[in-house]
Amino acid sequence: MTTTTSTRTRTGLALREVTLTYPDGESRLTALDRVSLTVAPGEFAAVAGPSGSGKSSLLAVAATLLRPDSGAVLVDGVDAGALGDRERTALRRERLGIVFQQSNLLASLTAVEQLLVLESVRGRRPREARRRAEELLSSVGLDGAKQRRRPHQLSGGERQRVNIARALFGDPSVLLVDEPTSALDHERGAQIVRLLADITRTHDTATVMVTHDRELLGRVDRVLEMQDGRLAEAGAGL
Ligand code: ADP
Ligand code: MG
């Protein structure tokens, strides 16, 4: 599979009739029920819905971290279900940027190092990689001194910015962000959403942000509603 940045076409993310179940005692719990979704490059979509409605499951399937029971996940037109494990890992590394609900920054590393830690698999030259890491961190609002701090020396909002910069490091086509504002006050949460809107334009990503905070939806292009594993455009009814 050829997935270098020079040859790929960016078409964004498509989910087609995706169903996902989890084991639940003797039976199965349906977390995603025939979910379809298309997000184009440069489009910022939000998925809202109550806790337990399936939002994180949707992102895990879109991130190719969970295989659905049925249906298809396409990233830049590549059907993730048709790939073997190694190819799917390569697809994830080269085309997907993921910001998880739980921050998974490494306690002993500075902000710059959080971005560089995976660099050995990408094959950029070290000096070039460091320059790119510093540029990305600056672009998300972390200046030189903060770039050399470890996670415990940064605020929650700043840590979230490091997570976002790290997700952008591989120049992803698709950016998946789970509840980026849940640990932040309203103003800082709104700043993160504005940042994600700007990133969607400047990096031309197909961005999906999960949130349960409806007050933060002013800056997104589209709002989808998740309820009991079903997804619909906001206002369309389920
Ligand atoms: P949300 O992110 O909207 O809170 P989730 O996708 O985390 O929703 O969960 C959707 C449903 O699937 C919930 O009922 C949850 O309890 C269940 N669920 C999530 N992960 C698992 C799992 N690994 N095993 C079993 N059930 C799960
Ligand atoms: Mg969740």
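Below or above, wherever it landed, is the structure these notes cover. (Residues numbered from 1 in each chain as written. Chains lettered and ligands numbered in written order. Predicted model: local features only at pLDDT ≥ 70, side-chain atom pairs only at ≥ 80, totals over all residues. Heavy atoms only, no water.)

Details of the sheet that holds strand β2 (residues 27-39)
Then, in step 1: Reading across from one edge, β2-β1-β4-β5 is the order of the four strands in this open sheet, with antiparallel pairing throughout. At either margin of the open sheet sits one strand with a lone partner, and together these are β2 and β5 (78-79).
Then, in step 2: Across two bridges, strand β4 (residues 70-75) lies against β5 in antiparallel orientation. The partner of Val75 across the bridge, within β5, is Val78.
Then, in step 3: Along the sheet face, helix α1 (residues 55-62) touches β1 (13-24), β2 and β4 and points at about 120° away from the line of β1. (Pairing = 2+ DSSP bridges. Helix = DSSP H or I, 4+ residues; strand = E, 2+ residues; numbered from the N terminus. Contact = heavy atoms within 4.5 Å. Axes fitted to C-alpha atoms, helices over the stretch in contact; angles between N-to-C directions.)

Description of the site of ligand 1
Then, in step 1: Looking at ligand 1, the residues that line it are Tyr22, Leu29, Ala31, Pro50, Ser51, Gly52, Ser53, Gly54, Lys55, Ser56 and Ser57.
Then, in step 2: Interatomic distance of 3.1 Å between a backbone N/O atom of Gly54 and an oxygen atom of ligand 1.
Then, in step 3: One of the side-chain N or O atoms of Ser57 is found 2.6 Å from an oxygen atom in ligand 1.
Then, in step 4: Coverage of ligand 1 by the protein amounts to 59% of the 560 Å² it exposes when considered alone.
Then, in step 5: Every element with two or more residues in the shell around ligand 1 is listed here: β2 and α1.
Then, in step 6: Among the elements that take part in the shell around ligand 1, α1 stands out by supplying three residues, more than any other.
Then, in step 7: Classifying every residue of the shell around ligand 1 by side-chain character gives four nonpolar, six polar and one charged. (Near = heavy atom within 4 Å. Polar contact = N/O pair within 3.5 Å; in protein donor to acceptor, adjacent residues only side chain to side chain. Areas by Shrake-Rupley, 256 points an atom, 1.4 Å probe, with all protein chains shown as cover. Nonpolar A, V, L, I, M, F, W, Y, C, P; charged D, E, K, R; others polar.)

Things to note about the sheet that holds strand β9 (residues 222-227)
Then, in step 1: Pairing within the open sheet is mixed, and its six strands lie in the order β6-β7-β8-β3-β9-β10. In this open sheet, the two edge strands, each paired with only one partner strand, are β6 (96-99) and β10 (230-233). The mean angle between the axes of side-by-side strands here comes to 20°, regardless of whether they run parallel or antiparallel.
Then, in step 2: Judged from the five bridges that link them, strand β7 (residues 174-178) and strand β8 (residues 206-211) form a sheet pairing that is parallel. Residue pairing for β8: Leu176 is matched across the bridge by Val208.
Then, in step 3: α1 rests against β3 (44-48), β6, β7, β8 and β9 of the sheet, and its axis sits at about 155° to β7.
Then, in step 4: Running over the sheet, helix α2 (residues 85-95) touches β6 and β7 and is turned about 80° from β6.

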